[in-house]
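Working through the structure, step by step
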Amino acid sequence: MDAATIGAVLALAGVLSGSVVAYLGKRGENATTRMNSEIDQIQEERDGLRSQLAERDSRIAQLLKQQGEDYVTIARLRAHIINMGGDPP
């Protein structure tokens, strides 16, 4: 083999290896992009669920406050029944 043939074979090997590296690099880039997209979606879902939990917690607090007020009203009414000479249930 003369020098031109050896040079051509080396150039071909260089081009092929460059193509393989570029292909693998693009695959890695695509995988990273997909992973970032999935992470963004998960974070959006998490934020939505956090807001739902906050709404639920505020509703529970509101219902507990109302329940406490109801207990106070019931106790007051029972005391009123006793003062009037009745027998509360």
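I will try to describe carefully the structure that is included in this document. (Residues numbered from 1 in each chain as written. Predicted model: local features only at pLDDT ≥ 70, side-chain atom pairs only at ≥ 80, totals over all residues. Heavy atoms only, no water.)

This part covers the overall build of the chain. If you tally the helices and strands in the chain, you get 1 helix and 0 strands. Across its three principal directions, the C-alpha atoms of the chain cover 125 × 15 × 10 Å. With 89 residues in all, the chain has 1% of them scored as buried. Here the chain has roughly 7,800 Å² of accessible surface; of this, 62% comes from carbon and sulfur atoms. The average position of the 10 basic charges and that of the 12 acidic charges among the side chains of the chain differ by 6 Å. (Helix = DSSP H or I, 4+ residues; strand = E, 2+ residues; numbered from the N terminus. Buried < 20%, exposed > 50% of the residue type's maximum accessible area, 1.4 Å probe, protein only. Areas by Shrake-Rupley, 256 points an atom, 1.4 Å probe, with all protein chains shown as cover. Lys, Arg positive; Asp, Glu negative; His and termini not counted. Charge placed at Lys NZ, Arg CZ, Asp CG, Glu CD.)

Turning our eyes to something else, we now look at the pattern of salt bridges. For the structure shown, the criterion picks out 2 salt bridges. In this structure, the salt-bridge partner of Asp47 is Arg46, at a minimum N-O distance of 3.4 Å. Taking the relative accessible area as the measure of exposure, Asp47 reaches 41% and is therefore partly exposed. Taking the relative accessible area as the measure of exposure, Arg46 reaches 38% and is therefore partly exposed. Salt-bridge contacts for Asp57 lead to Arg56; the nearest nitrogen and oxygen are separated by 2.9 Å. Looking at Asp57, the relative accessible area reads 41%, which means it is partly exposed. (Salt bridge = Lys/Arg side-chain N within 4 Å of Asp/Glu carboxyl O.)

This next bit is on a nonpolar patch on the surface. Residues Val20, Tyr23 and Leu24 make up a contiguous nonpolar surface patch of roughly 320 Å² in combined accessible area. With respect to the element layout, Val20 can be found in helix H1 (residues 3-83). Residue classification places Val20 among the partly exposed residues on the basis of a relative accessible area of 47%. (Patch = residues over 30% accessible without salt bridge, like charges linked within 9 Å, V, L, I, M, F, W, Y side chains within 5 Å.)

The next point concerns H1. Taking 1.5 Å as the rise per residue, H1 with 81 residues should run 120 Å; its terminal C-alpha atoms sit 118 Å apart, in good agreement. Just beyond H1, the residue with positive phi is Gly85, at close to 95°. (Expected span 1.5 Å × (residues − 1).)

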